[in-house]
Amino acid sequence: MATPFSRPLALSQGDPAGIGPDITLMAWLRRRELGLPPFFLIGDPDVLALRARQLNLAVSIREIARADEAIGMFADALPVINVPVGIEVVAGEPHVATAKGTIAAIEKAVSLVIGGEALAVVTNPIAKAVLYEAGFRFPGHTEFLADLAARATGSPVTPVMMLSGPKLRAIPVTIHIPLRDVPQALTEELVMETCRIAHDDLRQRFGIDAPRLAVAGLNPHAGETGTIGREDEDVIRPAIERLRDEGIDAIGPLPADTMFHDEARARYDVAICMYHDQALIPAKALGFDDSVNVTLGLPFVRTSPDHGTAFGIAGKGLAREQSLVAALKLAFHLGRTWESRR
């Protein structure tokens, strides 16, 4: 029988000029106190060493060639699979020359997890503007991971973004698109597919046997029976009715302004929202330091801190590692739960 730590977590460096190195070092220093599962970083050990000196953190950094080497050394050193950045990195000063290494680290993490060498992928924050300048063609991490998964497996992948915190799990049906484009992007099938993936992953990875889905309306008051926009009646309600016919416990469309207080949240396991900020504003308000970005629908587990690169505080000792710690813990839990149910 496999031990609890039979495979480590693969953590990508993210943008090396951001706070990814800071919070990685800080999380490792608290590994015993917080009971963290073993993880290894995929990135540039020189960047880590320089940042450790800047932050006056006593961290032993050791290169590894294989993921399994991380298990034995994690207690004494932070394991790193070397993906060189290629330039001297200055904390807080992003540079397009680092984009290649940032992308390569993500690709390496995915390949190790799909290959069975790591339990799950955890990603440090990236700077999309930097990657775009280098020719990156994906809206963000979520879409890139889905493409990597599809290429590796030969099967199409629909990624679903979830913010998971101690008080709320929330999913946006549409993600990184302008607000004005949301009504046209919403379709009955998109709402249904998002809910199906959420239902399946809550069962298989979160261990919730009968997930309860609360589906928000798009318009104020969920459209007031069509008097404030037709999307709630013409798109969202029919989708919910069909989901219920399939045996999925979905309710709505619900007015979003009454979905997130304590009593309302006790009635569901996940909030399905229609656009990015409808989901992320309550998720971050209820758990900014403790929420985790989870990508559902992938053939592997992926989590990430729920914040960005924070260039303005990189290398200054002001970053907080709580969200990365939560991402590491959740990745381990989801990976182990999924293994036990497959």
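Look above for the structure.
One structure accompanies this document, and this report is about it. (Residues numbered from 1 in each chain as written. Predicted model: local features only at pLDDT ≥ 70, side-chain atom pairs only at ≥ 80, totals over all residues. Heavy atoms only, no water.)

Overview of the overall build of the chain
Note the following rule: Going along the chain from the N terminus, every DSSP run of H or I of four or more residues is numbered as a helix, and every run of E of two or more is numbered as a strand. We compute the radius of gyration over the C-alpha atoms and compare it with the globule rule, which gives 2.2 Å times the number of residues raised to the power 0.38. Only protein chains enter the accessibility calculation, which uses a 1.4 Å probe; a residue whose area is less than 20% of its type maximum is buried, one above 50% is exposed, and one in between is partly exposed. We call two residues contacting when some pair of their heavy atoms lies within 4.5 Å. For accessible areas, the Shrake-Rupley method is used with a probe of radius 1.4 Å. Any residue's cover is judged against the shown protein chains and nothing else. A residue counts as positive if it is Lys or Arg and as negative if it is Asp or Glu; His and the chain ends are not included. For the purpose of locating charges, the reference atoms are NZ of Lys, CZ of Arg, CG of Asp and CD of Glu.
In terms of regular secondary structure, the chain is built from 13 helices and twelve strands. Its C-alpha atoms give the chain a radius of gyration of 20 Å, near enough to 20 Å, the size a compact globule of 342 residues would have. Taken along the three principal axes of its C-alpha coordinates, the chain extends 60 × 45 × 40 Å. Each of the 342 residues in the chain was classed as buried or not, and the buried ones make up 54%. If you take every contact in the chain between residues at least 6 apart in sequence, the share linking residues at least 24 apart comes to 75%. Total accessible area computed for the chain in this model is approximately 14,400 Å², and 51% of it derives from carbon and sulfur atoms. Each charge sign in the chain was given a centre, from 34 positive and 42 negative side chains, and these centres are 5 Å apart.

A word on the side chain of glutamine 278
Defined as follows: In protein, a polar contact means a hydrogen-donor-capable atom and an acceptor-capable atom, both N or O and within 3.5 Å, with residues adjacent in sequence counting only if both atoms are side-chain atoms; elsewhere, any N or O pair within 3.5 Å suffices.
Topologically, glutamine 278 is positioned in helix α12 (residues 276-287). A polar atom in the side chain of glutamine 278 sits 3.0 Å from the backbone oxygen of glycine 217. In terms of polar contacts, glutamine 278 uses its side chain to reach the backbone amide nitrogen of methionine 274, at 2.6 Å.

Some words on the packing of aromatic side chains
Two numbers describe a pair of aromatic rings. These are the distance of the centres and the angle of the planes. As a reminder of what qualifies: Stacked, tilted and edge-to-face are the three classes assigned to paired rings of Phe, Tyr and Trp, where Trp is represented by its six-membered ring and a pair needs centres within 6.5 Å; plane angles under 30 degrees give stacked, over 60 edge-to-face, the rest tilted. Ring-over charges, as used throughout, are those where CZ of Arg or NZ of Lys falls within 6 Å of the ring centre and within 35 degrees of the ring normal.
In this structure the tally under the stated criterion is four aromatic pairs. Both rings, one in phenylalanine 39 and one in phenylalanine 74, keep their centres 5.0 Å apart while their planes meet at 65 degrees; by these two values the pair is edge-to-face. Residue phenylalanine 39 is located in strand β2 (residues 39-43), and its partner phenylalanine 74 is located in the loop between α4 (69-73) and β4 (78-82); the two are separated by 35 residues in the primary sequence. Residue classification places phenylalanine 74 among the buried positions, given a relative accessible area of 5%. Through a chain of ring-to-ring contacts, the aromatic side chains of Phe136, Phe138 and Phe144 assemble into a single cluster. Sitting over the face of the ring of tryptophan 338, arginine 205 holds its NZ or CZ atom 3.9 Å from the ring centroid.

Some remarks on the pattern of salt bridges
Let me state the cut-off plainly: Between Lys or Arg on one side and Asp or Glu on the other, a salt bridge is scored when a side-chain nitrogen of the former is within 4 Å of a carboxyl oxygen of the latter.
In total, this model carries 19 salt bridges according to the counting rule given. With a shortest N-O distance of 3.2 Å, aspartate 269 and arginine 212 are connected by a salt bridge. Pair noted here: aspartate 269 is in the loop between α11 (262-265) and β10 (270-273) and arginine 212 is in strand β8 (residues 212-216), with a separation of 57 residues, a long-range link. Overlapping salt bridges bring together Arg7, Arg336 and Glu339 as one network.

Structural notes on the packing of helix α9 (residues 188-204) against helix α10 (residues 231-245)
The criterion, for reference: Throughout, an axis means a line fitted to C-alpha atoms (over the contacting stretch in the case of helices), and angles, computed between N-to-C directions, take values from 0 to 180 degrees. By the definition adopted for this analysis, an angle is roughly parallel if under 35 degrees, roughly antiparallel if over 145, roughly perpendicular if from 65 to 115, and oblique otherwise. Definitions for this section: a left-handed crossing has its near helix turned counterclockwise from the far helix by less than a right angle. A right-handed crossing has that turn clockwise. Amino acid classes used here: Ala, Val, Leu, Ile, Met, Phe, Trp, Tyr, Cys and Pro are nonpolar; Asp, Glu, Lys and Arg are charged; the rest, including Gly, are polar.
Direction vectors running N to C along α9 and α10 enclose 45 degrees, while the axes themselves pass 8 Å from each other. It follows that α9 is oblique to α10 by the angle criterion. By crossing handedness, the relation of α9 to α10 is classed as right-handed. Every residue of α10 that contacts α9 at Glu188, Glu189, Val191, Met192, Cys195 and Arg196 is listed here: Asp234, Val235, Pro238, Ala239, Arg242 and Leu243. Of the residues in the contact of α9 with α10, the class split is seven nonpolar, no polar and five charged.

Function-wise, these values are silent; they only describe arrangement.
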